[in-house]
Every structure is written in C-alpha cells, then in structure tokens.
Amino acid sequence: MKRLILVILVAFLALGLLACGEKKTLHCDHCGAGVEVDADSNMEESWIIYCEACNEKLFGDNSLFTETE
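Computed from a prediction, not measured in an experiment: that's the story for all the values here. (Residues numbered from 1 in each chain as written. Predicted model: local features only at pLDDT ≥ 70, side-chain atom pairs only at ≥ 80, totals over all residues. Heavy atoms only, no water.)

## Notes on the confidence of the model for the protein chain
As a general rule, the predicted coordinates of low-pLDDT regions are not to be interpreted in detail. So the rule is basically this: Confidence of the predictor at the level of single residues is given by pLDDT, which spans 0 to 100. Runs of H or I in DSSP of at least four residues are treated as helices and runs of E of at least two as strands, each being numbered from the N terminus.
Mean pLDDT over the protein chain stands at 84; residues scoring 70 or higher make up 84%. For the protein chain, helix α1 (residues 2-19) is the element with the lowest average pLDDT, namely 83, and strand β1 (residues 23-27) is the one with the highest, namely 92.

Rendered as structure tokens:
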C-alpha cells in the first residue's frame, strides 16, 4: 500500500515538473526587475510592464492585477 502511494506521488510530481512550460523574462519599466511570462505569450519588451511590487506602489487599489471573487 505504501509503495502504491509512493508511486502515485512520484508520478504526480513528475507530471507537475513536466507540465511547467518554458518562460521568458521581460523587465519592469519602473524598476527593471525581471517579470517571467510564458514563452508562448505575445508579450514583448516594447509593452509597458510592471512587476507586482511596482504595480502596487504606482496604482494601489486601482491595481492592474485584480483578484476576482
């Protein structure tokens, strides 16, 4: 029983690692920090991009990163 659980756990971990897609790094226009996006995203360096910290600092409650309920 323990071996079965261990095998299932290892399989899920392997699937999780394989499911992670490639990332590309863009840079925050305010502080220059790296912002990772999916490699297949159409985002480019020419876009206006802010890291989460700068986004919060610059926009506060009117954040570009809004959470839906």
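## A closer look at the pattern of salt bridges
To be explicit about the condition: When a carboxyl oxygen of Asp or Glu lies within 4 Å of a side-chain nitrogen of Lys or Arg, that pair is called a salt bridge.
For the coordinates displayed, the defined rule picks out one salt bridge. With its nearest N and O atoms 2.9 Å apart, the salt bridge here joins Lys23 to Asp38. Of this pair, Lys23 sits in strand β1 while Asp38 sits in strand β2 (residues 34-38), placing them 15 residues apart in sequence.

## Notes on the packing of aromatic side chains
What counts, and what does not: Geometry of aromatic contacts follows a simple scheme: Phe, Tyr and Trp rings, the Trp one being its six-membered ring, pair when their centres are within 6.5 Å, and the pair is stacked under 30 degrees between planes, edge-to-face over 60, tilted otherwise. A 1.4 Å probe rolled over the protein chains alone gives each residue an accessible area, and that area as a share of the maximum for its type sets the label: buried under 20%, exposed over 50%, partly exposed in between.
As enumerated under the stated definition, the model contains one aromatic pair in all. A centroid spacing of 5.7 Å and a plane angle of 65 degrees characterise the contact between Tyr50 and Phe59, whose relative ring orientation is edge-to-face. Phe59 sits in the partly exposed class, given a relative accessible area of 32%.

## Focus on a nonpolar patch on the surface
To keep it simple, the criterion reads: Each patch groups residues whose relative accessible area exceeds 30% and which form no salt bridge, using 9 Å between like charges and 5 Å between nonpolar side chains of Val, Leu, Ile, Met, Phe, Trp and Tyr. Using the Shrake-Rupley algorithm and a 1.4 Å probe, accessible areas are obtained, with residue cover drawn only from the displayed protein chains.
A cluster of nonpolar residues, Met1, Leu4, Ile5, Ile8, Phe12 and Leu15, forms a patch on the protein surface that exposes about 700 Å² of accessible area. Tracing the backbone through its elements, the reader meets Leu15 in helix α1.

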